[in-house]
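Survey of secondary and tertiary structure
Spelled out from the first residue to the last, the chains are:
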Amino acid sequence: MARQRLCILGSTGSVGTNTLDVVSRHRDRFEVFALTAYSQLDALLAQCLQWQPRFAAVHSNEAAASLRARLKEAGSRTEVLSGPRALCDLAAHPDVDAVMGAIVGAAGLAPCMAAARAGKRLLLANKEALVVGGALFMRAVKEGGATLLPIDSEHSAIFQCLPEDRSTWARRIDHIVLTASGGPFRQRDPATLCAVTPEEACAHPNWVMGRKISVDSATMMNKALEVIEARWLFDLAPEQVRVVIHPQSLIHSMVVCRDGSVLAQLGTPDMRMPISYGLAWPERIESGAVPPDFLALSALTFEAPDAARFPGLQLAWDALRAPEGSTTVLNAANEEAVAAFLDRRIAFDAIHRVNATTIERVQPVLGSDATVEDLLALDGQARERARQCIAELPSC
């Protein structure tokens, strides 16, 4: 069997490095064709020297020149490209079989869209592609004949609980339940959240993730974005997507069927499991993750999200019921707010104020023929409004 040739968008992040870890266990099945990164040039250099991909891509000409020189000095033949266009070209490259979309944020929309239009096997870890792209992205998947495989642990769990025949899903599903750990502040007094530091917000109790996603988990905006993503992935009405806090992170999500049965996918909190499932689907291969020891478990608990502690979660359903493009606005505002928090320009609890205010101030007007360019223009408009809102807040 010929090896699958992989393009990993965002190879130096947590999902990208975990993907390479899984691939290292199955070199007979997978070949690393292209790697891309934004700012971690040292890490990308090390990956290129280890995997010898045909291509590597970075964000700027200056970064590309630096990486190119260092690879040449090391005797590597990897060709280095640069800029957003390079990511799209690699994602749609005729020699690529599968694309791991692991770029964080709206920047991942265009290359994931290119992979979808080219009919690739698309492993989607970039939830923003669906949060921003919505119907346009799903239309590209259908028209391009792509195979869309969710990599977020929650959406992978739902996918694993459903049959391969997607046409049967609507007849089976009453609703789905996305589980959330509750992050580091699940039991913290909401009145003290204004004092949270970036270091505290990034210290997730269960998962090892990048800084932006860790902050999103602490505010539960990560779960809000996952609600939006699930609506599109599984073609559900907003009210069919629900959230419950499950601190142990053992049950990754559940499908509640029309007959009242509940199907759940369980596993230790290790991203290599959904990654390996996406890489090998419909088969299963060894991932490196350790199965849970049920005899060592004390209890599995569940609780409703506290609206006072996690006010941003409700914005998911509000945006889904608002005019098309509102989820794009929400995502853009959140990216700007989290960046401002990590730079210590606003307080932790101000992230929600920025998001809610931006949603109020930006009323999208998109026609049925909206393009990626229209969505990115709306994204830019929302970011400008969010930055204005951030400037109006008192500094930390």
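Nothing here was measured: the structure is a model prediction, and the numbers come from that model. (Residues numbered from 1 in each chain as written. Predicted model: local features only at pLDDT ≥ 70, side-chain atom pairs only at ≥ 80, totals over all residues. Heavy atoms only, no water.)

Brief notes about the sheet that holds strand S10 (residues 251-257)
Taken together, the 4 strands give an open sheet; going across it, the order is S9-S8-S10-S11, and neighbouring strands pair in mixed fashion. Each end of this open sheet is capped by a strand with a single partner; those strands are strand S9 (241-245) and strand S11 (262-266). On average, adjacent strands in this sheet sit at an angle of 20° to one another, irrespective of strand direction. Pairing of strand S8 (residues 173-180) with S10, which is carried by 5 bridges, proceeds in the antiparallel orientation. Along S10, the bridge assignment pairs Ile 173 with Cys 257. Contacts from helix H7 (residues 153-161) reach S8, S10 and S11, with the element oriented near 40° to S10. In the packing of helix H11 (residues 221-233) onto the sheet, contacts are made with S8 and S9, and the angle to S8 comes to roughly 155°. (Pairing = 2+ DSSP bridges. Helix = DSSP H or I, 4+ residues; strand = E, 2+ residues; numbered from the N terminus. Axes fitted to C-alpha atoms, helices over the stretch in contact; angles between N-to-C directions. Contact = heavy atoms within 4.5 Å.)

Examining the nonpolar core
In terms of nonpolar packing, the biggest core is built from 102 residues, with Met 100, Phe 137, Ile 176 and Phe 234 touching the most fellow members. Ranked by residues supplied to this core, first place goes to helix H6 (residues 128-144) with 8 residues. Setting aside residues no more than four positions away along its own chain, Phe 234 makes contact with His 155, Ile 158, Phe 159, Leu 162, Trp 169 and Ile 176. Counting residues in each nonpolar core, the second largest holds 21 residues, with Phe 185, Ala 333, Ala 340 and Ala 386 among its members. (Core = buried A, V, L, I, M, F, W, Y, C linked by side-chain atoms within 4.5 Å. Buried < 20%, exposed > 50% of the residue type's maximum accessible area, 1.4 Å probe, protein only.)

Observations regarding the environment of Pro 364
By the element assignment, Pro 364 lies in the loop between helix H15 (350-361) and helix H16 (372-392). Discounting residues that sit within four places of it in the chain, Pro 364 has contacts with Pro 323, Glu 324, Gly 325, Ser 326 and Leu 378.

Some details on the packing of helix H14 (residues 326-342) against H16
Interhelical geometry of H14 versus H16 gives an angle of 45° and a closest axis separation of 8 Å. By the angle class used here, H14 and H16 are oblique. The way H14 lies across H16 gives a crossing that is right-handed. Facing H14, whose interface residues are Thr 328, Val 329, Ala 332, Ala 333, Glu 335, Glu 336, Ala 337 and Ala 340, H16 presents Leu 375, Leu 378, Asp 379, Ala 382, Arg 383, Ala 386, Arg 387 and Ile 390. For the contact of H14 with H16, the per-class residue count stands at 10 nonpolar, 1 polar and 5 charged. (Parallel < 35°, antiparallel > 145°, perpendicular 65-115°, else oblique. Left-handed = near helix turned anticlockwise from the far one by under 90°. Nonpolar A, V, L, I, M, F, W, Y, C, P; charged D, E, K, R; others polar.)

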